[in-house]
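Each chain is listed here by its residues.
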Amino acid sequence: MPSVDIHCVDVSKRFGATEVVAPLSITLEAGQTTALVGPSGCGKSTLLRMIAGLEDPDTGEIRLGDEAPQAVARRGGLAMAFQDPSLLPWRSVRANIALGAELARKPGGDVDALIDLVGLGGFADHRPAELSGGMRQRAAIARSLISAPDVLLLDEPFGAVDAMTRRRLNAELPPLWRSRGATVVLITHSVEEAVLLSDRVLVLSSRPARVVADIPVDLSGTRDARLLETPDAMAVSRQVFAALEAA
Amino acid sequence: MMPTVRAIGWCLFLLALWEALARISPDTVLVSSPSAIAAYVAENMGLLARATAETSVNAMWGFVWGNLGAVLLGVTMILVPRSQRTLSALALLVFCVPLIASGPILRVLFGTGTGPQVMLGALAVYYTTLLTFLIGLRSVSQNWTDLMRIYGRGALSTLIRVRARASLPYLFVGLQISAPAAFLGAMIGEFTGAERGLGVLTLRAMRGLDTDATWTLAVVAACVAMAAYSVIGWVGERAVGYKPVILLSAPASSVPTASWMRLAELGFIAVLVLALWQSSMDAFDLNRFFAKRPGDVWAFLMEPQNRDTLFSALAETLSFAAPGYIAGLAVGAGLAALLVLSPSLSGAAMPVAVALRAVPIITTAPLLVLAFGRGLVGTMVVVAVMIFFPTFVACQQGLRQTPGQIVDVFKSYGAGRWHLLRAAQVPAMLPAFFASARMAVPAALLAVTTVEWLATGKGIGLLMAMTASTSDYNMLWSCVAVLALVATAAYGMVAMMERAVLRIYASEQVV
Ligand SMILES: Nc1ncnc2c1ncn2[C@@H]1O[C@H](COP(=O)(O)OP(=O)(O)OP(=O)(O)O)[C@@H](O)[C@H]1O
Ligand SMILES: [Mg+2]
C-alpha cells in the first residue's frame, strides 16, 4: 500500500500585494487525516491548491513523499473535491464520477456502489443541472474517491450538504479512505466535523495564514455522532475553539 | 405546433400584403409580385434548378473547407498559445480583403471552373466561425482546467475532454451563420466570371433590367440559405442538448503591452504577410503577368498617375461606405434599444431579424439599387442593410446581459425605463455593440465594393471590374492590397475606440 506523506517547507504565497500564506513548514503523516480550520479568507484553499500543485509557492517547496505534486498527479495519485463542485454539465452523474477514474487512468471499480454510498442512487443518469447544490457536491466527492488516490484533498466537501446526509457521510466516508491508507487534507468550517473526521487539527490564523495551533485528536471508539458527546472529544473541541478565537 | 401554425399564418399574410402592394404600385420596374415570381419560377424551372444546384454545391464545399480551416486554426491557437496573436492577425487580414476584390484574382489564378466560387465561399465563412469557436473553446471555467491538472492532464486532454464539448453550442452558431455566408461567397465568385450558377443569372437579370428575374433569384437564394440555416440549427439543438446564452463576438483583448512591443509585433506581422505573399506566388511558380508580387505593386503605386487613379476611386468608395456604416450601426443599436423600451414589439421583431440573418444580403443589393438609385442613397442603403441585422441581434443580446439584480435595484427605486436604459442597459450593451462594429468594417467594405462592381459603376469596385476585364493586373492587385490595408486600419481604429469606451463603462470586459 503506497503511503505518501506531505511536506511543506517554508512555503509562502502572495497575490500581488496581499500576503496570503506566511512562510510555514508542516509535515502531514502518511495515512492520516488532517483538518485545516481557520477564518474565512485566511488562505486555506490557497494552501490546499499549492499542495495539489495547482499554484506554485513563491518560496519554499512542497513534496508528496519524495515527489513533486505534479509528478503524483501524473501517475493518478492525487484527487481533490473543490469548494465548487465543478461537474461537467454535459455528462450524467455516473459519467462525471467515472471521469475521476478515467483521468487517473485507474480501473473505475464499482461506480454504482459509490453512487449509492453518497446517496445519489436513482440520480445516476441525471445531468448536474437537474441536481441540487448538495447533490452536486456529493457527486464531486464521489468523483474524488473513485480513483482511490494516495493523497485526497477535500475543500469544504460538505458545505452545501443537508445536516442529516452530512452526518451519514461523516460516518461512512472516512472508513473508506482510511482503509485505503490515503493521506487526507480536509478543509472545514465545522469544528465538530474537524474533530470527528481527523487525526489532527491545524488551526490557521487570519490572513496571512500561519499555524496557530496543532491539536492531535486521539479518540478511541467508533467515529460517529455519539463520539462527539464524550468528554475527550469535547475537550478537543474546546481546544480548537479557543485557538480559533485567538487566531 | 402552435408557433409553427402562427408562423405559417404570418408568412401567408405577408405574402398577400406583398402581392397587394405590388398590384397597386404603379412602378412595375421596381417591385415584383409573388404571383409574378411564381410565374417566372414555373417558366424557368429547369434553368433555376440547375443554377441553384450549381451554386449550392459550390457553397457547400466552401462551407466545408472554410469551417474546417476555422476549426484547425482555433485548435492550433488553443494548443499553441504563443501562436495566437500572429494567427489571429493573419486571419483578420485575410478576412479584411473584400471578397469581390479577391474574386477576380482567384479567377485569374484558377482559370475557369469552380475554384474561385468554392474558395470565396470558404473565405466568407472561416472568420466568423473562428471567432465563435474560439469563444466556445475559452468558455471553460477554471475549475474544469484545474480538475484536469489534478490528474496530471495537459492541454491536449483538456481540449478533447472539456473544451471541445464546451465549444459545441458556439461552433453550431458559427456553422449556422456560415450557411448564408457561404452562399454569398459562392455567388460573388460567380459574379467574377463563372459560367453557371445563380450569381451568373443575377448578373444577367441586372444587366437586362429584368425585375421579375432579379426578385426571383433573390428569393431563391434566400430560401436555400434559410433552409440550410434552419437545418444546421436543428441538428445543433439535437447535438448540444441545451440552449446556452451566446454572445457572438468576443471583446477586443487588450493585453497590456508596451507600445514599442505593439509596433514590433505589427512590423513582424507585416513582414510575415509580405513574405507569405511572395513565397506562395514563387512556390507555385505563378506567371508574373497576372500573379503580381509585393515588389510589383510597390513599383506600380510609386507612379503618381496610378496612385491618383486608385486613391480618387478609393475616396469615392469611402465617402459612400462611411455614412452607410454609421447609419447601419445607429439603426441597429437604436432599434434594439427601442424594443427594450417596448417589449411587446420585441416579440414580433425578433423572429423577423433572425430570419433575415439567414438571407445572403448581397442578393438583395440589386433590388435595393433598383429602388434607391445608383447614387449615394442607394449605396448607403445597401451598406446599412448589410450591417444592420448583425448589429441589431448582437445589441439585443447585449441588452439582455444586464444583470437581473441591477434591474431590480433600479425598479425598487421606482426608476423609469429611460433611466434604466441610460444608466444600466446601454452600458451592458456596449461590449456587444463594439464587437459588431468591428466585424461590420469588413462587411461594409464588402457591401460597397460589391454594389459598385455590380450595379452603380462607381469607385474602387468599378475600377476593379474594369481592370479585371482589361487585364490591368497591376492595378487589380494594388486595389486589393490597399483595400486590405484600409479595412485593417479601420478595424484597428474601431478596436481602439472600443477599448477607450469600455475602460470607462465596462471595465470587467477589458482584461
Ligand atoms: N487568484 C487569486 N488572485 C488574487 N487573490 C486571491 C486569489 N486567490 C485567493 N486570493 C485571495 O487570497 C485570500 C485567501 O483566499 P483562500 O481562497 O485561500 O481563502 P479561504 O481560507 O479558502 O477562504 P474560505 O474559507 O472563505 O474559502 C483571499 O483574500 C483571496 O481574496
Ligand atoms: Mg476556501
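Just so it is clear, the model here is predicted, and its values are computed rather than measured.

Colleague: How would you summarise the domain arrangement of chain B if you had to cite specific residues and measurements?
Modeller: All names here are of chain B. One can read the domain layout of chain B as domain 1 (29-246) and domain 2 (286-511). Counting from both sides, the interface comprises 40 residues of domain 1 and, opposite them, 39 residues of domain 2. Here domain 1 and domain 2 share an interface that buries about 3500 Å² over both sides, 83% of which is from carbon and sulfur atoms. The tally of links from domain 1 across to domain 2 stands at zero salt bridges.

Colleague: An account of the nonpolar core is needed here, citing residue identities and associated values.
Modeller: Among the nonpolar cores identified, the biggest contains 120 residues, and B:Tyr127 and B:Tyr325 are the most heavily contacted of them. Each of domain 1 (29-246) and domain 2 (286-511) of chain B accounts for three or more of the residues forming this core. What B:Tyr325 contacts, discounting residues up to four positions off in sequence, is B:Val383, B:Ile387, B:Ala437, B:Ala440, B:Val441, B:Ala444 and B:Val494. Residues A:Cys8, A:Val185, A:Val195 and B:Trp144 belong to the second largest nonpolar core, which totals 93 residues.

Colleague: Explain the coordination of the magnesium ion (ligand 2) to me, and be specific about the residues and the numbers.
Modeller: Residue and element names in this part refer to chain A. For the magnesium ion (ligand 2), the full set of protein donor atoms is Ser45 (OG) and Gln83 (OE1), at a range of 1.9 to 2.5 Å. Note that serine 45 is positioned in helix H1 (residues 44-51) and glutamine 83 in the loop between strand E5 (78-81) and helix H3 (93-104), a separation of 38 residues in sequence. With relative accessibility at 23%, the residue serine 45 sits in the partly exposed group.

Colleague: Hey, could you go over the packing of helix H13 (residues 304-341) of chain B against helix H16 (residues 376-400) of chain B for me, with residue numbers and the actual values?
Modeller: All names here are of chain B. It is at 6 Å that the axes of H13 and H16 come closest, and there the two elements cross at 35 degrees. Note that H13 runs across H16; the crossing there is right-handed. A per-class count over the contact of H13 with H16 returns 22 nonpolar, seven polar and no charged.

Colleague: Outline the site of ligand 1, supporting the account with residue identities and numerical values.
Modeller: Residue and element names in this part refer to chain A. Lining the immediate environment of ligand 1, one finds 13 residues, of which Ser40, Gly41, Ser45, Thr46 and Arg207 sit closest. A distance of 2.9 Å is found between an oxygen atom of ligand 1 and a backbone nitrogen or oxygen belonging to glycine 43. With respect to ligand 1, the side chain of lysine 44 contributes an N or O atom lying 2.9 Å from an oxygen atom. Alone, ligand 1 offers 640 Å² of accessible surface; in the complex the protein occludes 62% of this. For the shell around ligand 1, a count of residues per class yields three nonpolar, seven polar and three charged.

Reading guide: rules and limits
- Residues numbered from 1 in each chain as written.
- Chains lettered and ligands numbered in written order.
- Predicted model: local features only at pLDDT ≥ 70, side-chain atom pairs only at ≥ 80, totals over all residues.
- Heavy atoms only, no water.
- Domains from an automatic or database assignment.
- Contact = heavy atoms within 4.5 Å.
- Buried area = accessible area lost by both parts, 1.4 Å probe.
- Salt bridge = Lys/Arg side-chain N within 4 Å of Asp/Glu carboxyl O.
- Core = buried A, V, L, I, M, F, W, Y, C linked by side-chain atoms within 4.5 Å.
- Buried < 20%, exposed > 50% of the residue type's maximum accessible area, 1.4 Å probe, protein only.
- Donors = N, O, S within 2.8 Å, 3.2 Å for Na, K, Ca; no water.
- Helix = DSSP H or I, 4+ residues; strand = E, 2+ residues; numbered from the N terminus.
- Axes fitted to C-alpha atoms, helices over the stretch in contact; angles between N-to-C directions.
- Left-handed = near helix turned anticlockwise from the far one by under 90°.
- Nonpolar A, V, L, I, M, F, W, Y, C, P; charged D, E, K, R; others polar.
- Near = heavy atom within 4 Å.
- Polar contact = N/O pair within 3.5 Å; in protein donor to acceptor, adjacent residues only side chain to side chain.
- Areas by Shrake-Rupley, 256 points an atom, 1.4 Å probe, with all protein chains shown as cover.

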